[in-house]
Amino acid sequence: MITLSHYLMASGILFALGLTGVMLRRNIIIVFMCLEMMLSATNLSLVAFSRYGVVQGHSNYQAQMLVFFIITVAAAEVAVGLAIIVALFRAKQTIHTEDLNSLKF
Amino acid sequence: MIGFGAGVVVLRNPVACALSLVASFLALAALFVTLDAYFIAIIQVLVTAGAVMVLFLFIIMLLNLQAEVRRRVKLGAMLGGGLVVLCFVELLSDTLSSSPLFSQPLPPLAEPLHSDVTMIGLTLFHSFNLPFQIIGVLLLVATVGVVLLSRQTLK
């Protein structure tokens, strides 16, 4: 029998994997992909809460609305972020985070 | 899903990472279907696994990235990162085992009057009309911003 905690645990592990990637990987595109993975993990926990918090025999659709908006904003964010990465690559010819240190104190 | 997610973190070739992430997102959409969120599952496949990942693959191939060369890893940073993540997972499992609310079985749904998409549409256009329009403006702003950013000469 699958309970709420199983879904939340899967979501948490996916989030932790994304966090590991953001902290350990040096390729800026892969860091960006891991950010995307963390957003999706959040979506999974929201949908799980929506299904387990039944309102009048329906899933809680307000939570699913939040997921809908998160997906939309994530798509916009990916477009802007990748444009910035391409501009950065044109200027510096690298996507390795350690080589991008001109803002470093 | 977890396995493919781990692939994103572990693999060295960016293309393999992106494909692994696509597989992870497809598995996530399957989990959404098991939670009776059909609309969200379809959106996940179309938007995230489709459009966004195609964009990623485009950029990876545009920049002509090779598998990254092995560089010196900072052991301290790696240990610190691993520690933070382990603490997070430990805290999560503690929280999940602390309350019986988290181990309730799947509550049954009533016989649906409308389909899932109808309910989403009703909620979206009744209770969430203003955020919906704001999101439209946000997408427009993002589009204009991307066009501006990717012009050859930035002034």
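Scroll up a little and you will see the structure.
Residues numbered from 1 in each chain as written. Chains lettered and ligands numbered in written order. Predicted model: local features only at pLDDT ≥ 70, side-chain atom pairs only at ≥ 80, totals over all residues. Heavy atoms only, no water.

### As for the overall build of chain B
Rule in force here: Working definition: helices are DSSP H or I runs of at least four residues, strands are E runs of at least two. Numbering for both runs from the N terminus. We take the radius of gyration over the C-alpha atoms and set the globule estimate at 2.2 Å times the residue count to the 0.38 power. Residue burial is assigned from relative accessible area. The probe radius is 1.4 Å, only protein chains are included, and a residue is buried under 20% of its type maximum, exposed over 50%, and partly exposed in between. Note that His is not counted, nor are the chain ends; the positive residues are Lys and Arg, and the negative ones are Asp and Glu. Where a charge lies is defined by one atom per residue type, namely NZ (Lys), CZ (Arg), CG (Asp) and CD (Glu).
Looking only at helices and strands, chain B has six helices and zero strands in total. Overall, chain B shows an N-to-C arrangement of helices and strands of α-α-α-α-α-α. Computed over its C-alpha atoms, the radius of gyration of chain B comes to 21 Å, more than 25% above the 15 Å expected for a compact globule of 155 residues. With respect to the three principal axes, the spread of C-alpha positions in chain B is 55 × 45 × 25 Å. Counting every position in chain B, which comprises 155 residues, the buried fraction comes to 31%. Charged side chains in chain B number 7 positive and 6 negative. The centres of these two groups are separated by 33 Å.

### Let's talk about the packing of helix H1 (residues 4-24) of chain A against helix H1 (residues 2-10) of chain B
Convention followed: Only the contacting stretch of a helix is used when fitting its axis, a line to C-alpha atoms as for every element, and angles between N-to-C directions run 0 to 180 degrees. Roughly parallel covers angles under 35 degrees, roughly antiparallel covers those over 145, roughly perpendicular covers 65 to 115, and oblique covers all other angles. Contacts were defined at the residue level, with two residues in contact if any of their heavy atoms lie within 4.5 Å.
It is at 9 Å that the axes of H1(A) and H1(B) come closest, and there the two elements cross at 10°. Here H1(B) runs roughly parallel to H1(A), going by the angle between their axes. In this structure, H1(A) contributes A:Ala10, A:Ile13, A:Leu14, A:Leu17 and A:Gly21 to the contact, and H1(B) contributes B:Ile2, B:Gly5, B:Ala6 and B:Val9.

### With respect to the interface of chain A and chain B
Note the threshold: In short, buried area is how much 1.4 Å probe accessible area vanishes from two parts on joining, totalled over both. In what follows, salt bridge is the name for a side-chain nitrogen of Lys or Arg lying within 4 Å of a carboxyl oxygen of Asp or Glu. Residues adjacent in sequence count toward polar contacts only when both atoms are side-chain atoms; beyond that, a polar contact is any pair of N or O atoms within 3.5 Å, and within protein one must be able to donate a hydrogen and the other to accept it.
Listed per partner, the contact involves 67 residues of chain A and 76 residues of chain B. When the two sides are added together, the surface that chain A and chain B hide from each other amounts to roughly 6600 Å², 78% of it contributed by carbon and sulfur. By the criterion of area lost to chain B, the three top residues of chain A are A:Met33, A:Arg51 and A:Tyr61, representing 11% of everything that side buries. Applying the counting criterion to the chain A and chain B interface returns one salt bridge. Linking chain A with chain B are three residue pairs in polar contact (both at pLDDT 80 or more), by the criterion used here. Secondary-structure elements contributing two or more residues to the side of chain A that touches chain B are H1, helix H2 (28-52) and helix H3 (61-92) of chain A. When residues of the side of chain A that touches chain B are assigned to their parent elements, the largest contribution, 23 residues, is made by H3(A).

### Some words on the environment of A:Gly12
Position of A:Gly12 among the secondary structure elements: in helix H1. Discounting residues that sit within four places of it in the chain, A:Gly12 has contacts with B:Phe88 and B:Leu92.

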